[in-house]
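# A structural walkthrough
These are the residues of each chain, in order.
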Amino acid sequence: MNELFERVKEEYGVEIHDENDMTNAWKLVEALKEKGWVVYIITAKGREQVDAWHPSFGSLFAQFGETPNFGSVLEGICNIALLVKELEEKGVV
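Scope of this entry: the structure provided in the associated data block. Treat the numbers as computed from the prediction; the structure is a model and nothing was measured.

Procedures and definitions
- Residues numbered from 1 in each chain as written.
- Predicted model: local features only at pLDDT ≥ 70, side-chain atom pairs only at ≥ 80, totals over all residues.
- Heavy atoms only, no water.
- Patch = residues over 30% accessible without salt bridge, like charges linked within 9 Å, V, L, I, M, F, W, Y side chains within 5 Å.
- Areas by Shrake-Rupley, 256 points an atom, 1.4 Å probe, with all protein chains shown as cover.
- Salt bridge = Lys/Arg side-chain N within 4 Å of Asp/Glu carboxyl O.
- Helix = DSSP H or I, 4+ residues; strand = E, 2+ residues; numbered from the N terminus.
- Buried < 20%, exposed > 50% of the residue type's maximum accessible area, 1.4 Å probe, protein only.
- Axes fitted to C-alpha atoms, helices over the stretch in contact; angles between N-to-C directions.
- Parallel < 35°, antiparallel > 145°, perpendicular 65-115°, else oblique.
- Left-handed = near helix turned anticlockwise from the far one by under 90°.
- Contact = heavy atoms within 4.5 Å.
- Nonpolar A, V, L, I, M, F, W, Y, C, P; charged D, E, K, R; others polar.
- Phe/Tyr/Trp six-rings, centres within 6.5 Å; stacked < 30°, edge-to-face > 60°.
- Lys NZ or Arg CZ within 6 Å of the ring centre and 35° of its normal.
- Pairing = 2+ DSSP bridges.

## So, a nonpolar patch on the surface
On the surface, a nonpolar cluster with roughly 250 Å² of combined accessible area is contributed by M22, W26 and I41. Examined against the element boundaries, I41 turns out to sit in strand β1 (residues 38-44). Note on I41: relative accessible area 32%, which makes it partly exposed.

And the structure:
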(Lines give C-alpha, C1' and ligand atoms only; values in the text may rest on other atoms or scores of the structure.)
Protein backbone atom coordinates (compact mmCIF):
# COMPACT_ATOMS: atom_id res chain seq x y z
CA MET A 1 0.00 0.00 0.00
CA ASN A 2 2.91 2.38 0.62
CA GLU A 3 3.74 2.36 -3.09
CA LEU A 4 0.12 3.17 -3.89
CA PHE A 5 0.15 6.04 -1.38
CA GLU A 6 3.37 7.39 -2.89
CA ARG A 7 1.87 7.38 -6.39
CA VAL A 8 -1.21 9.22 -5.11
CA LYS A 9 1.01 11.82 -3.45
CA GLU A 10 3.00 12.29 -6.68
CA GLU A 11 -0.06 12.58 -8.93
CA TYR A 12 -2.50 14.47 -6.67
CA GLY A 13 -0.40 15.98 -3.87
CA VAL A 14 -2.59 14.17 -1.34
CA GLU A 15 -0.70 12.40 1.43
CA ILE A 16 -2.39 9.28 2.77
CA HIS A 17 -0.79 8.32 6.05
CA ASP A 18 -2.03 4.75 6.47
CA GLU A 19 -4.81 2.31 5.58
CA ASN A 20 -7.22 4.08 7.96
CA ASP A 21 -6.75 7.58 6.55
CA MET A 22 -10.15 8.00 4.91
CA THR A 23 -10.09 11.75 5.56
CA ASN A 24 -7.31 12.28 3.03
CA ALA A 25 -8.57 9.55 0.70
CA TRP A 26 -11.87 11.42 0.53
CA LYS A 27 -9.96 14.42 -0.85
CA LEU A 28 -9.39 12.27 -3.94
CA VAL A 29 -13.13 11.66 -4.28
CA GLU A 30 -13.73 15.41 -4.04
CA ALA A 31 -11.02 16.09 -6.65
CA LEU A 32 -12.63 13.61 -9.02
CA LYS A 33 -16.05 15.14 -8.41
CA GLU A 34 -14.67 18.58 -9.35
CA LYS A 35 -13.48 17.09 -12.66
CA GLY A 36 -16.99 15.83 -13.41
CA TRP A 37 -16.51 12.21 -12.29
CA VAL A 38 -19.15 10.27 -10.38
CA VAL A 39 -17.59 7.90 -7.86
CA TYR A 40 -19.54 4.78 -6.93
CA ILE A 41 -18.69 3.02 -3.66
CA ILE A 42 -20.41 -0.25 -2.78
CA THR A 43 -19.64 -1.95 0.49
CA ALA A 44 -20.97 -5.16 1.94
CA LYS A 45 -19.49 -8.02 3.87
CA GLY A 46 -16.74 -9.37 1.63
CA ARG A 47 -17.46 -6.81 -1.10
CA GLU A 48 -15.57 -3.53 -1.47
CA GLN A 49 -16.23 -2.02 -4.89
CA VAL A 50 -15.24 1.40 -6.20
CA ASP A 51 -15.88 2.60 -9.74
CA ALA A 52 -16.09 5.96 -11.47
CA TRP A 53 -18.07 7.30 -14.41
CA HIS A 54 -17.67 10.42 -16.55
CA PRO A 55 -19.88 11.61 -19.43
CA SER A 56 -16.85 11.89 -21.74
CA PHE A 57 -15.19 8.61 -20.75
CA GLY A 58 -17.91 6.30 -19.45
CA SER A 59 -17.26 3.84 -16.65
CA LEU A 60 -13.73 2.84 -15.73
CA PHE A 61 -14.66 -0.79 -15.11
CA ALA A 62 -18.22 -1.58 -16.17
CA GLN A 63 -17.51 -0.79 -19.82
CA PHE A 64 -14.98 -3.62 -19.81
CA GLY A 65 -17.24 -6.09 -18.00
CA GLU A 66 -14.98 -6.06 -14.95
CA THR A 67 -16.01 -5.91 -11.32
CA PRO A 68 -14.01 -3.26 -9.46
CA ASN A 69 -13.29 -5.23 -6.27
CA PHE A 70 -10.60 -4.01 -3.90
CA GLY A 71 -9.25 -5.05 -0.51
CA SER A 72 -10.67 -1.88 1.02
CA VAL A 73 -12.60 1.22 0.01
CA LEU A 74 -9.47 3.32 0.60
CA GLU A 75 -7.46 1.13 -1.77
CA GLY A 76 -10.24 1.40 -4.35
CA ILE A 77 -10.39 5.19 -4.11
CA CYS A 78 -6.62 5.47 -4.58
CA ASN A 79 -6.62 3.13 -7.56
CA ILE A 80 -9.60 4.83 -9.20
CA ALA A 81 -7.96 8.24 -8.82
CA LEU A 82 -4.78 6.98 -10.49
CA LEU A 83 -6.70 5.31 -13.31
CA VAL A 84 -8.67 8.51 -13.93
CA LYS A 85 -5.44 10.49 -14.12
CA GLU A 86 -4.03 8.02 -16.65
CA LEU A 87 -7.23 8.04 -18.71
CA GLU A 88 -7.40 11.82 -18.80
CA GLU A 89 -3.73 12.16 -19.78
CA LYS A 90 -3.36 9.27 -22.23
CA GLY A 91 -6.92 8.55 -23.35
CA VAL A 92 -6.61 4.91 -22.25
CA VAL A 93 -6.27 3.00 -19.02
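## Some details on the packing of helix α1 (residues 2-12) against helix α3 (residues 73-90)
Interhelical geometry of α1 versus α3 gives an angle of 45° and a closest axis separation of 10 Å. Between α1 and α3, the crossing angle belongs to the class labelled oblique. Seen along the crossing, α1 lies across α3 with a hand that is left-handed. Contacts between α1 and α3 involve L4, F5, R7, V8, E11 and Y12 from the former and L74, E75, C78, N79, A81, L82, V84, K85 and E89 from the latter. Taken together, the residues of the contact of α1 with α3 sort by class into 9 nonpolar, 1 polar and 5 charged.

## So, the pattern of salt bridges
Using the criterion set out here, one finds 3 salt bridges in the structure. For K9, the salt bridge identified is with E15, shortest N-O distance 3.9 Å. Residue class for K9 comes out partly exposed when judged on its relative accessible area of 39%.

## What to know about the packing of aromatic side chains
Per the counting criterion, the structure on display carries 2 aromatic pairs. Centre to centre, the rings of W37 and F57 are 5.5 Å apart; their planes meet at 5°, and the pair counts as stacked. Placement of the pair is W37 in the loop between α2 (22-34) and β1 and F57 in the loop between β2 (47-54) and β3 (58-59), with a sequence separation of 20 residues. Take W37: its relative accessible area is 3%, and that puts it in the buried class. Relative to F70, the ring of F61 lies with its centre 6.1 Å away and its plane at 75°, an arrangement referred to as edge-to-face. Each of the two residues, F61 as well as F70, counts as buried. Residue placement shows K85 over the ring face of Y12; its charged tip is 5.0 Å from the ring centre.

## Here's the deal with the side chain of D21
Tracing the sequence through the fold places D21 in the loop between α1 and α2. Not counting chain neighbours up to four residues away, the residues in contact with D21 comprise E15, I16 and L74.

## What about the sheet that holds β1?
With antiparallel pairing, 3 strands are arranged side by side in an open sheet as β1-β2-β3. At either margin of the open sheet sits one strand with a lone partner, and together these are β1 and β3. Both β1 and β2 contribute to a ladder of 7 bridges, which runs antiparallel. Directly across from I41, in β2, lies its bridge partner V50. With respect to the sheet, α3 is in contact with β1 and β2, its orientation differing from that of β2 by roughly 25°.

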